[in-house]
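So the chains spell out like this:
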Amino acid sequence: MFIFDTCQYIVHRYMHHNKFLYRHVHSHHHRLVVPNAVGALYNHPVEVISDMLGGAAAFFASGMTPRTSVWFFCLVTVKTVDDLRSSDSGELVPRSVQE
């Protein structure tokens, strides 16, 4: 998890820092307004590939088995959704959408 999170953090941070990548790639992620945390998974295809490379790095660096990797990537998906839910108000549906 450390390797995956580190790769994802570095790429995400760089996408915010580089104006070209932010404007043409990463801004797609910030444009989506959805009433649930699953929107965290909405990304530009280039960003999806960069996330996959981070996952591949974690897979190969750890030497996990294919069966373990299934559990790992399920956990990563749940963690991604929970991270966004937790970073908002802690609610699955923000109050602004409920009103």
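- Named according to an unreviewed UniProt entry, the protein chain is Fatty acid hydroxylase domain-containing protein originating from Brassica cretica.
- The record held by UniProt for the protein chain lists under Sequence similarities (unreviewed entry) the comment "Belongs to the sterol desaturase family."
- Under the heading Subcellular location (unreviewed entry), UniProt records this for the protein chain: "Membrane".

**Considerations on the overall build of the protein chain**
Consideration 1: Along its length, the protein chain carries 5 helices and 0 strands.
Consideration 2: When the helices and strands of the protein chain are placed in sequence order, the string is α-α-α-α-α.
Consideration 3: Sequence-distant contacts in the protein chain: of pairs separated by 6 or more residues, those separated by 24 or more amount to 49%.
Consideration 4: Looking at the protein chain as shown, the accessible area adds up to about 7000 Å², and 67% of this sits on carbon and sulfur atoms.

**Re the nonpolar core**
Consideration 1: Counting residues in hydrophobic clusters, the biggest one holds 5 residues: Phe 4, Ala 58, Met 64, Phe 72 and Val 76.
Consideration 2: Contacts of Phe 72, omitting those with residues within four sequence positions, involve Met 1, Phe 4, Ala 58 and Met 64.

Cut-offs used in this document
- Residues numbered from 1 in each chain as written.
- Predicted model: local features only at pLDDT ≥ 70, side-chain atom pairs only at ≥ 80, totals over all residues.
- Heavy atoms only, no water.
- UniProt positions renumbered as here; feature names shortened; annotations may be inferred.
- Helix = DSSP H or I, 4+ residues; strand = E, 2+ residues; numbered from the N terminus.
- Contact = heavy atoms within 4.5 Å.
- Areas by Shrake-Rupley, 256 points an atom, 1.4 Å probe, with all protein chains shown as cover.
- Core = buried A, V, L, I, M, F, W, Y, C linked by side-chain atoms within 4.5 Å.
- Buried < 20%, exposed > 50% of the residue type's maximum accessible area, 1.4 Å probe, protein only.

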